[in-house]
Amino acid sequence: MTKEIKKIGVLTSGGDAPGMNAAIRAVVRACSSHGIECLGIYEGYKGLIEDNMIPLYARSVANTINKGGTFLRSARCLEFIEPEGRVKAYENIKKNNIDALVVIGGDGSFTGAQKLSKEHNFQVVGIPGTIDNDICGTDYTIGYDTALNTVVEAVDKIRDTASSHNRLFLVEVMGRDAGDIALNAGIGAGAEEILIPEIENLGIDRLMHSLDTSRESGKTSSIVIVAEGNTGMNILEMRDYVCKHRPDYDVRVSVLGHMQRGGAPSCADRVLACKLGVKAVDALLEGQTNVMIGVSHRQAVCVDFSVALSKERELDKELLRVADITSL
Ligand code: F6P
């Protein structure tokens, strides 16, 4: 498959994440440093299908490292899920003389990249960009650290009003099917209880037990972080259940929603994005394909897409213990 690379395409796909701009910038500048052309593709795979692209130079990405969102914009492209959509995309790849592609996104984006690569014998690498941190083979995804800090800042504010009114707040955070944001932001924000989809027994019974022990230990207000994934009940059902069974609690619900995806990227996300963007271009030039560029023990590493997309991520059990102890 390897041939001389003269032009690399880069796109952002799926849910946007803070640090995606920094990753695009790193890819563009890595291309410049190797004397390779770079084409930015708008709106993810949709831009490939619709031939919506722009040449990017080192100066085109000035003043982008500090910006949230993605200036190439993103999309979840249904047409690309079908083989016919990928044929159209590949025709535009050939038309624009793109020799290889960098896909910045999450698991859905990598699944598409993997298919494109296999069906058309085309060189593709991925960079994990999602706030969810739900990809195997990388310690962190770009955007996760910023989202954690956003959640902690929001919960700190909620805590002010919760303690002023002796209230119980159920705060829903993003993460699709992963509890990483909930667990880590929950510990960081000092939550009394954290409900995540990975652990079945962290459900409503545990919450009720924890509310009772909190009361006994003299707590007057409580913050409970609820991951948006399946924790047995959705957050409104949870509120109704608590109100019915513990009527002495004054319960409020706060769904943080898409504000978790916005904002300027943290320094950690910017550095991660730069590291992975540079390595992505190196990897393509070395002839790598069908791999994600992840980070492991501070080193950028190539991880086969099949590993990145496997569902074998292990929950950090020690964090559960830490959460239990520090919320006493
Ligand atoms: O994957 C990132 C994410 O923000 C998830 O945490 C969330 O479940 C989902 O995207 C929301 O997607 P949308 O922006 O399409 O509503």
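We now turn to the structure provided with this report. Please read these numbers as outputs of a predicted model, since none were measured by experiment.

**What about the overall build of the protein?**
Argument step 1. From N to C terminus, the protein includes eleven helices and eleven strands.
Argument step 2. The globule rule puts the C-alpha radius of gyration for 328 residues at 20 Å, and the 22 Å found for the protein is close to it.
Argument step 3. Along the first, second and third principal axes, the C-alpha set of the protein runs to 70 × 35 × 35 Å.
Argument step 4. Counting the 328 residues in the protein, one finds 54% classified as buried.

**Overview of helix H5 (residues 144-164)**
Argument step 1. With 21 residues, H5 ought to run about 30 Å at 1.5 Å a step, and its terminal C-alpha atoms sit 30 Å apart, in line with that.
Argument step 2. Within H5, burial applies to Tyr144, Thr146, Ala147, Leu148, Thr150, Val151, Ala154, Val155, Ile158 and Ala162.
Argument step 3. Along its buried surface, H5 packs onto strand S6 (168-173), helix H6 (180-188), strand S8 (222-227), strand S9 (251-255) and helix H9 (267-285).
Argument step 4. Phi turns positive, to about 50 degrees, at Asn166, one or two residues after H5.

**With respect to H9**
Argument step 1. Under the 1.5 Å per step criterion, the end-to-end length of H9 is 28 Å for 19 residues, consistent within 8% with the ideal 27 Å.
Argument step 2. Listed as buried for H9 are Asp269, Leu272, Ala273, Leu276, Gly277, Ala280, Val281, Ala283 and Leu284. Across the axial projection of H9, the buried residues extend over an arc of 160 degrees, all falling on one side.
Argument step 3. Gly287 sits one or two residues past H9 and shows a positive phi near 95 degrees.

**Brief notes about the packing of aromatic side chains**
Argument step 1. Summed over the entire model, instances satisfying the criterion amount to four aromatic pairs.
Argument step 2. Ring centres of Tyr90 and Phe122 lie 5.9 Å apart, and the angle between their planes is 65 degrees; on these two criteria the pair is classed as edge-to-face. Taken together, the residues span a long stretch of sequence, with Tyr90 in helix H3 (residues 83-95) and Phe122 in the loop between helix H4 (107-120) and strand S5 (123-128) at a distance of 32 residues. An identical accessibility class is assigned to Tyr90 and Phe122; each is buried.

**As for the sheet that holds S6**
The pairing of strands in a sheet comes from backbone hydrogen bonds and takes either a parallel or an antiparallel form.
Argument step 1. The four strands are arranged S7-S8-S6-S9 in an open sheet whose pairing can be described as parallel. Of all strands in the sheet, those with a lone pairing partner are strand S7 (193-195) and S9, marking the two edges. The mean angle between the axes of side-by-side strands here comes to 20 degrees, regardless of whether they run parallel or antiparallel.
Argument step 2. As paired strands, S6 and S8 are joined by six bridges and run parallel to one another. Looking across to S8, one finds that Leu168 is bridged to Ser222.
Argument step 3. Of the strands in this sheet, S6, S7 and S8 touch H6, which is tilted by about 175 degrees from S7.

**Brief notes about the site of the ligand**
Argument step 1. What surrounds the ligand is the set Arg76, Thr130, Asp132, Met174, Gly175, Arg176, Glu228, His258 and Arg261.
Argument step 2. In the environment of the ligand, an oxygen atom lies 2.7 Å from a nitrogen or oxygen atom belonging to the side chain of Asp132.
Argument step 3. In isolation the ligand offers 400 Å² of accessible surface; the protein chains occlude 74% of this area.
Argument step 4. By residue class, the composition of the shell around the ligand is one nonpolar, three polar and five charged.

**Here we look at the state of the cysteines**
Argument step 1. On inspection of all chains with the given rule, the structure shows zero disulfides.
Argument step 2. Cys38 takes part in no disulfide bond, and the closest cysteine sulfur, belonging to Cys31, lies 4.1 Å away.

**A few points about the pairing of S6**
Argument step 1. With respect to burial, S6 is a largely interior element, six of its six residues being buried.
Argument step 2. A two-sided burial pattern is seen for S6, the buried positions comprising Leu168, Leu170 and Glu172 on one face and Phe169, Val171 and Val173 on the other.
Argument step 3. Judged from the five bridges that link them, S6 and S9 form a sheet pairing that is parallel. Within S9, the position partnered with Glu172 by the bridge is Val255.

Cut-off values and rules
- Residues numbered from 1 in each chain as written.
- Predicted model: local features only at pLDDT ≥ 70, side-chain atom pairs only at ≥ 80, totals over all residues.
- Heavy atoms only, no water.
- Helix = DSSP H or I, 4+ residues; strand = E, 2+ residues; numbered from the N terminus.
- Rg over C-alpha atoms; globule rule 2.2 N^0.38 Å.
- Buried < 20%, exposed > 50% of the residue type's maximum accessible area, 1.4 Å probe, protein only.
- Expected span 1.5 Å × (residues − 1).
- Contact = heavy atoms within 4.5 Å.
- Arc of directions from axis to C-beta.
- Phe/Tyr/Trp six-rings, centres within 6.5 Å; stacked < 30°, edge-to-face > 60°.
- Pairing = 2+ DSSP bridges.
- Axes fitted to C-alpha atoms, helices over the stretch in contact; angles between N-to-C directions.
- Near = heavy atom within 4 Å.
- Polar contact = N/O pair within 3.5 Å; in protein donor to acceptor, adjacent residues only side chain to side chain.
- Areas by Shrake-Rupley, 256 points an atom, 1.4 Å probe, with all protein chains shown as cover.
- Nonpolar A, V, L, I, M, F, W, Y, C, P; charged D, E, K, R; others polar.
- Disulfide = S-S within 2.5 Å.

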